[in-house]
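Overview (structure and organization)
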Amino acid sequence: MTKPIVLIAEELSPATIDALGPDFEVRHVDGADRGQLLPALADADAVLIRSATKIDAEALAAARRLKVVARAGVGLDTVDGPAATRAGVMVVNAPTSNITSAAELAVGLLLATARNIAPASEALKGGAWKRSKYAGVELLEKKAGIVGFGRIGQLVAERLKGFGMEILAYDPYVSAQRAGQLGARLVTLDELLAESDFISVHLPKTPETLGLIGKDALAKVKPSVRIVNAARGGIVDEDALAEALRDGRVAGAGIDVFATEPMTESPLFEFESVVVTPHLGASTEEAQEKAGVAVARSVRLALGGDLVPDAVNVSGGAVPEEVRPGIDLVERLGRIFTAVAGSVPVQLDIEARGEITEHDVSIWKLSALKGLFRDLTENPVTYVNAPLLAEQRGVEARLLTDPNAQDFRNVTTLRGTLADGTTVSVAGTLTGPRMVQKVVGVNGFDLEIPLSQHMAFFTYTDRPGIVGTVGRLLGDADVNIGAMQVARDEKGGKALVGLTVDSAIPVDVVTAIAKEIDAEVRVVDLVD
């Protein structure tokens, strides 16, 4: 059996390879060299990158088999997320792998700026003993302003509290109560700028945060302030900061990230009061190993067909173990729904009933949409692009839950309204210790037949002889029936035959059955 191909485009820790395990064919390529990268992506199922490899629309177009892009780090600036989503490619990163390393570097830069460590070191190495020139300031009882009070900002605050600092925090997504629980006082950005003796930036790079600490912001700070940015380049306007330093409106800075990288020439480099490092936030042995191992595990999950908690372009998160057996069932119900309906609905309800609703079953909504479009497009349908396909085709989907189920411990029903107002429904469940997948309802008819690769449903007017006719026509075509059940709303009313067969029913046989018993026939082929 051919192993999935995992392409490693940059140097990663040996622990990353170990975490992938023996189930994949691992190949290596220089991801910064497009001439090497694009051909290598052609048959790759997954690619692992860091910050030098760009996975853009061109790269995704070259990677027809690609299922997952894994970034061994936090940022995703080099991955075209929208293009990946359209292609159904999962994008994962390691969001917590470097938070300790990044926080510790920010504190290190802050200390270095407070005590002039870098210029004093350089002077002494050059033969100059300048104790008075490089006198610094203490942290005790100073105010530290944390701009962005997420995981890294909180770790920085925790460490700076150990120096006896007062913590101010600005973050529009954090409540004052939560900040208070973490020992910080939540303030506005203007208040933070005006009061802080040290400012440390810990925001993601977005259109809203780009240039946030710029000319206007720097006009509001104390002249004794020292500013640290170990988050993302461009959040602190480097030219504006250099001007403020030159004018004596800022005392110093510690900068690890730049708007353009690599950066080897900057107006900030002329100041002794500025400590600079070449984007070292995640550059510790521990962070690199954590990141590599985390994304390797995500690749294993993704290539195994599972939802990945660290996928940035898939909603859902971790899936409870109790919910996992139902994922495939619900996806198959989606495929059956499309076959029975003959089109996609404008409104689809995924109704989960029973004990299973004690757990988070939100993954079932994605599974249903994945199944709904599975047989309608030549391109792969995944957890990633299924919601996008639903949006493009005007399908509104919602998940409904109810702890009460009548006939089974758990039952899931897909109920949809078509464009002409017709309602279609398909229900299924898992039974017994072996979790056998069964269809237990179609368009209001109750039945119980196991799911099979080949199934068919005949709706007709109830009368004698129908089952025999269907059996004869299938037998004449050498199609063997595995299971069959008849359901009806009332004697002489509408009836439904549901059956499983061992092989696909030829089109001419389907036509003959429909004509002879005057039935609406829907054939379902669940072949992968």
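Use the structure listed above.
Residues numbered from 1 in each chain as written. Predicted model: local features only at pLDDT ≥ 70, side-chain atom pairs only at ≥ 80, totals over all residues. Heavy atoms only, no water.

1. Things to note about the overall build of the chain
Inclusion rule: Working definition: helices are DSSP H or I runs of at least four residues, strands are E runs of at least two. Numbering for both runs from the N terminus. Two things to know: the radius of gyration comes from C-alpha atoms, and the globule rule equals 2.2 Å times the number of residues to the power 0.38. When a residue's accessible area, from a 1.4 Å probe over protein chains only, is under 20% of the maximum for its type it is buried; when over 50% it is exposed; and in between it is partly exposed. Working rule for contacts: check all heavy atoms of both residues, and any pair within 4.5 Å makes them a contact. The Shrake-Rupley method, run with a 1.4 Å probe, gives the accessible areas here. Residue values count only the displayed protein chains as cover. In summary, the charge assignment counts Lys and Arg as positive and Asp and Glu as negative, without counting His or the chain termini. Where a charge sits is defined by one atom per residue type, namely NZ (Lys), CZ (Arg), CG (Asp) or CD (Glu).
When you go through the chain residue by residue, the secondary structure sums to 17 helices and 22 strands. Its C-alpha atoms give the chain a radius of gyration of 31 Å, more than 25% over the compact-globule value 24 Å for 528 residues. Principal-axis analysis of the C-alpha atoms gives the chain an extent of 105 × 50 × 40 Å. Within the span of the chain, comprising 528 residues, buried residues form 49% of the whole. Put simply, 62% of the contacts in the chain that link residues at least 6 apart link residues at least 24 apart. Counting every atom, the chain has about 25,000 Å² of accessible surface; 50% of that belongs to carbon and sulfur. Measuring between centres, the 53 positive side-chain charges of the chain sit 2 Å from its 71 negative side-chain charges.

2. Some words on the pattern of salt bridges
Note the threshold: For salt bridges, the criterion is a side-chain nitrogen of Lys or Arg within 4 Å of an Asp or Glu carboxyl oxygen.
Taken as a whole, this structure holds 26 salt bridges when the rule is applied. Residues joined in a network through salt bridges with shared partners are Lys143, Glu166, Arg185 and Glu195.

3. Focus: the sheet that holds strand β9 (residues 198-201)
Note the following rule: Here, strands pair whenever DSSP counts at least two bridges between them. Orientation is described by lines fitted to C-alpha atoms, with helices fitted over the stretch in contact, and by angles between N-to-C directions that extend from 0 to 180 degrees.
In spatial order, the strands read β8-β7-β6-β9-β10-β11-β12; together these seven strands make up an open sheet with parallel pairing. Edge strands, defined here as strands with exactly one partner in the open sheet, are β8 (185-186) and β12 (274-276). Where strand β10 (residues 226-229) meets strand β11 (residues 252-255), four bridges bridge the pair, whose relative direction is parallel. By the bridge assignment for β11, isoleucine 227 is matched with alanine 253. Each of β9, β10, β11 and β12 touches helix α5 (residues 99-115); the most contacted strand, β10, lies at about 155° to it. Contacting β6 (143-147), β7 (166-170) and β9, helix α7 (residues 151-161) crosses the sheet at an angle of about 170° to β6.

4. Observations concerning the environment of leucine 140
Along the polypeptide, leucine 140 turns up in the loop between α6 (117-125) and β6. Its relative accessible area of 47% is what places leucine 140 among the partly exposed residues. Considering only alpha carbons, one finds leucine 140 and lysine 161, 21 residues apart in sequence, at a separation of 9.1 Å.

5. A word on helix α2 (residues 34-41)
Because each turn of an α-helix spans 3.6 residues, side chains separated by three or four positions in sequence point in the same direction. Condition: Note that the arc is defined by the directions from the helix axis to the C-beta atoms. Polar contact is the term for a pair of N or O atoms within 3.5 Å; when the atoms are in protein, one must be able to donate a hydrogen and the other to accept it, and sequence-neighboring residues count only if both atoms are side-chain atoms.
Along α2, the positions that sit buried rather than exposed are Leu37, Leu38, Ala40 and Leu41. The arc that holds the buried residues of α2, viewed along the axis, is 170°, so those residues lie on one side. Exposed residues pointing more than 90 degrees away from the buried face of α2 are listed as Gly35 and Pro39. For α2, the secondary structure elements touched by its buried residues are β1 (5-8), β3 (46-49) and α3 (57-62). Where α2 begins, the capping side chain belongs to aspartate 33, and its oxygen is found 2.9 Å from the backbone nitrogen of glycine 35.

6. Description of helix α11 (residues 238-246)
Every buried residue of α11 is accounted for by Glu238, Ala240, Leu241, Ala242, Ala244 and Leu245. Two to three positions downstream of the cap, the backbone nitrogen of aspartate 239 sits 3.1 Å from a side-chain oxygen, assigning the N-cap of α11 to aspartate 237. Looking one or two residues past α11, glycine 248 carries a phi angle of roughly 75°, positive in sign.

7. Observations regarding the pairing of strand β20 (residues 481-488)
A regular strand places its side chains on the two faces of the sheet in alternate fashion. Note that β20 and strand β21 (residues 494-501) share seven bridges and pair antiparallel. When the bridges of β21 are listed, glutamine 485 appears paired with glycine 498. Turn length for the β20-β21 hairpin, with the two strands adjacent in sequence and antiparallel, is five residues, and the turn residue glycine 492 shows positive phi of about 80°.

8. Overview of the nonpolar core
To keep things clear, this is the line we draw: What is meant by a nonpolar core is a set of buried Ala, Val, Leu, Ile, Met, Phe, Trp, Tyr and Cys residues, joined one to another through side-chain atoms within 4.5 Å.
In terms of nonpolar packing, the biggest core is built from 69 residues, with Met90, Ile336, Ile363, Trp364, Phe373 and Phe457 touching the most fellow members. Looking at this core, the element that brings in the most residues is helix α13 (residues 324-341), giving eight residues. Excluding anything up to four places from it in sequence, methionine 90 contacts Lys67, Val68, Val69, Ala302, Asp306, Val308, Ala311, Asn313, Val314 and Val384. Among the nonpolar cores identified, the runner-up in size contains 30 residues, and Leu189, Ala217, Ala231 and Ile235 belong to it.

9. Looking at the packing of helix α16 (residues 466-476) against helix α17 (residues 507-517)
Keep this limit in mind: Roughly parallel refers to an angle under 35 degrees, roughly antiparallel to one over 145, roughly perpendicular to one between 65 and 115, and oblique to any angle outside these ranges. Handedness of a helix crossing follows the sense of rotation of the near helix relative to the far helix, less than a right angle counterclockwise being left-handed and clockwise being right-handed. Residues are grouped as follows: Ala, Val, Leu, Ile, Met, Phe, Trp, Tyr, Cys and Pro are nonpolar; Asp, Glu, Lys and Arg are charged; every other residue, Gly included, is polar.
It is the contact of α16 with α17, at a shortest axis distance of 10 Å, that shows an interaxial angle of 155°. As far as their axial angle goes, α17 and α16 are roughly antiparallel. Remark: the crossing between α16 and α17 carries right-handed chirality. For the pair α16 and α17, contact is made by Ile466, Thr469, Val470, Arg472, Leu473 and Leu474 and by Val509, Ala512, Ile513, Glu516 and Ile517, respectively. Of the residues assigned to the contact of α16 with α17, the class counts are eight nonpolar, one polar and two charged.

10. Observations concerning the environment of threonine 461
Tracing the sequence through the fold places threonine 461 in strand β19 (residues 454-461). C-alpha separation for the pair threonine 461 and alanine 311, spaced 150 residues apart in sequence, amounts to 49 Å. With residues up to four places along the chain from it excluded, the contact list for threonine 461 reads Gly492, Gly493 and Lys494.

11. Comments concerning the packing of aromatic side chains
This is how it is decided: Only rings of Phe, Tyr and Trp enter the pairing, Trp through its six-membered ring, and a pair is recorded when the two centres are within 6.5 Å. The plane angle decides the type: under 30 degrees is stacked, over 60 is edge-to-face, the rest tilted. Either the NZ atom of lysine or the CZ atom of arginine qualifies as a charge over a ring when it sits within 6 Å of the ring centre and within 35 degrees of the ring normal.
The full count for this structure, using the stated rule, is one aromatic pair. With a centroid separation of 6.1 Å and an interplanar angle of 90°, the aromatic rings of phenylalanine 258 and phenylalanine 269 are classed as edge-to-face. Note that phenylalanine 258 is positioned in the loop between β11 and β12 and phenylalanine 269 in the loop between β11 and β12, a separation of 11 residues in sequence. According to the relative accessible area criterion, phenylalanine 269 is partly exposed, its value standing at 36%. The residue whose ring lies beneath lysine 370 is tyrosine 383, and the NZ or CZ to ring-centre distance is 5.2 Å.

12. Digging into the environment of threonine 413
Locating threonine 413 in the fold gives a position in strand β15 (residues 410-417). For threonine 413, a relative accessible area of 10% translates into the label buried. Taking C-alpha positions, threonine 413 is 8.9 Å from threonine 429, a pair spaced 16 residues apart along the chain. Apart from residues lying up to four places away in sequence, threonine 413 is in contact with Asp349, Ile350, Glu351, Ser425, Val426 and Ala427.

13. Section: a negative patch on the surface
As a reminder, the rule being used: A patch consists of residues exposed above 30% relative accessible area that lack any salt bridge, with like charges linked at up to 9 Å and nonpolar side chains (Val, Leu, Ile, Met, Phe, Trp, Tyr) linked at up to 5 Å.
On the surface, a cluster of negative charge is contributed by Asp18, Glu104, Glu285, Glu286 and Glu289. A per-element tally of the negative patch places helix α12 (residues 285-303) first, with three residues. Along the chain, glutamate 289 turns up in helix α12. Under the relative-accessibility criterion, glutamate 289 is labelled partly exposed at 43%.

14. Topic: the pairing of β11
For the record, the criterion: Seen with the strands pointing away from the viewer, any crossover whose path from the first strand over the helix to the second strand runs clockwise is right-handed.
Residues Gly252 and Gly254 point to one face of β11 and Ala253 and Ile255 to the other, with burial holding for every one of them. In this fold, β10 hands off to α11, which returns the chain to β11; that crossover is right-handed. Across three bridges, β11 lies against β12 in parallel orientation. Bridging from a neighbouring strand, isoleucine 255 pairs with valine 276 of β12.

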